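Report on the structure
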Amino acid sequence: MPQESSQQSHEPRQPHRVVLVVDENSNPFEMSCAIEVFGLRRPELGRELYDFLLCADGPVTRMRDGFFTLTGVAGLEAAEDADTLIVPNRPDTETPRSPRVLNAVRRAHARGARLVGFCSGAFTMAEAGILDGRRAACHWMWAESFRTRFPRVCLEPDVLFVDDGDILTASGSASALDLGLHIVRRDHGAEIANAVSRRLVFAAHRDGGQRQFVERPLPDVPDESLAPLLAWAQERLGEPLTVAGLAARAAVSPATLHRRFRAQLGTTPLAWLTGERVALACRLIERGEERLDVVAARSGLGTAANLRARVRRETGLSPSAYRRRFGPAAGEAVRT
């Protein structure tokens, strides 16, 4: 381990290269989400998170419904250098993808690149033959069609996104941001992901297991915004907050509070509170707090045992492994 740290300190680490493949009739929204999360320069962070590139199979790509055409991007050969490859998505899921695009996806997977699909992007991966026996998400509108065409894929149709290690898929358009921020959090930790989400003015974290749509119809008159209550709770995560206490603060019944959370955030008050506490615990670890009992108390997770279980469930890492990857020592290695 010391030898590895020494090597990192003498060799500058190149930013992780993310390449987005744009295919005929691709959705511009998901392309924009990828650019916002992975492509923008972030001088406020003091370093570049990703090296981002757009590529296409031809010099002119017609975007969805002919809204506009895309020109001046790299050729498909750029996919060969991707650490993470974002595959094309488009609404006409029945039309076969370009064989050249599918071959690029297969080659990227074979050499160990991370693959990401937004919305209907799971169709592209399934056509390439790399999803058999793997977990994946796609938009609920195409769930039955997907199951019929690709029965060997373990489709999870009601979640925001699925992280299956080297293959990650998001269910719908807006969940591209959820998955993008999840990837940033996985790569760079909660503190950096929060900074990116603040710039996006988007919720820093919605768990991938949340349902991708609200089953009950939205009210004709929108409920009052939860923003004041959320801000109030975020300042008091270390206190013994309860759903009943949050409802009392908002001057509504617990049932009404649940309804507002489902309608506005797509989750429950307890799930949101737990997610915020885990995110705070991760930030405390990143900032150098080594005492797990202190982290657990300040984040509201109570005990070190609960902290370990929650952090591992959320990040796939133990608190000590998370500290090695995202703590101050890791940051110094990157900056040196």
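Presented here is an overview of the structure given in this document. These figures come from a predicted structure and were not determined experimentally.

1. Overview of helix α10 (residues 254-265)
Counted at 1.5 Å a residue, the expected span for α10 with its twelve residues is 16 Å, and the 16 Å between its end C-alpha atoms agrees. Residues of α10 that are buried in the fold lie against α8 (227-234), α9 (243-249) and α11 (269-286). Looking one or two residues beyond α10, the residue adopting positive phi is Gly266, at roughly 70 degrees.

2. Overview of the state of the cysteines
Throughout the structure, instances matching the rule amount to zero disulfides. The thiol of Cys119 is unpaired, and the distance to the nearest cysteine sulfur, on Cys138, comes to 8.1 Å.

3. Section: the sheet that holds strand β5 (residues 74-75)
Reading across the sheet, the seven strands line up as β5-β2-β1-β6-β7-β11-β10 and stay open at both edges, with mixed pairing between neighbours. Across the chains shown, the open sheet's two edge strands, defined by having one partner strand only, are β5 and β10 (161-163). Across seven bridges, strand β1 (residues 16-22) lies against strand β2 (residues 50-56) in parallel orientation. When the sheet's bridge partners are listed, Leu20 is paired in β2 with Leu54. Strands in contact with helix α4 (residues 121-128) are β7 (114-118) and β11 (167-170); relative to β7, the strand with the most contacts, it is inclined by about 130 degrees.

4. Let's talk about the packing of aromatic side chains
Overall, the coordinates contain seven aromatic pairs when judged by the stated rule. Relative to Tyr50, the ring of Phe38 lies with its centre 5.1 Å away and its plane at 85 degrees, an arrangement referred to as edge-to-face. With Phe38 in helix α2 (residues 28-39) and Tyr50 in strand β2, this residue pair connects regions lying twelve residues apart in the sequence. Given the relative accessible area of 3%, Phe38 is considered buried. Plain terms: the ring middles of Phe146 and Phe150 are 5.1 Å apart, the flat faces sit at 55 degrees to each other, and that makes the pair tilted. Across the pair, exposure class does not vary: Phe146 and Phe150 are buried alike. Each residue in the set Phe123, Trp142, Phe146 and Phe150 is aromatic and connected to the rest through ring pairs, giving one cluster.

Conventions used here
Residues numbered from 1 in each chain as written. Predicted model: local features only at pLDDT ≥ 70, side-chain atom pairs only at ≥ 80, totals over all residues. Heavy atoms only, no water. Helix = DSSP H or I, 4+ residues; strand = E, 2+ residues; numbered from the N terminus. Expected span 1.5 Å × (residues − 1). Contact = heavy atoms within 4.5 Å. Disulfide = S-S within 2.5 Å. Pairing = 2+ DSSP bridges. Axes fitted to C-alpha atoms, helices over the stretch in contact; angles between N-to-C directions. Phe/Tyr/Trp six-rings, centres within 6.5 Å; stacked < 30°, edge-to-face > 60°. Buried < 20%, exposed > 50% of the residue type's maximum accessible area, 1.4 Å probe, protein only.

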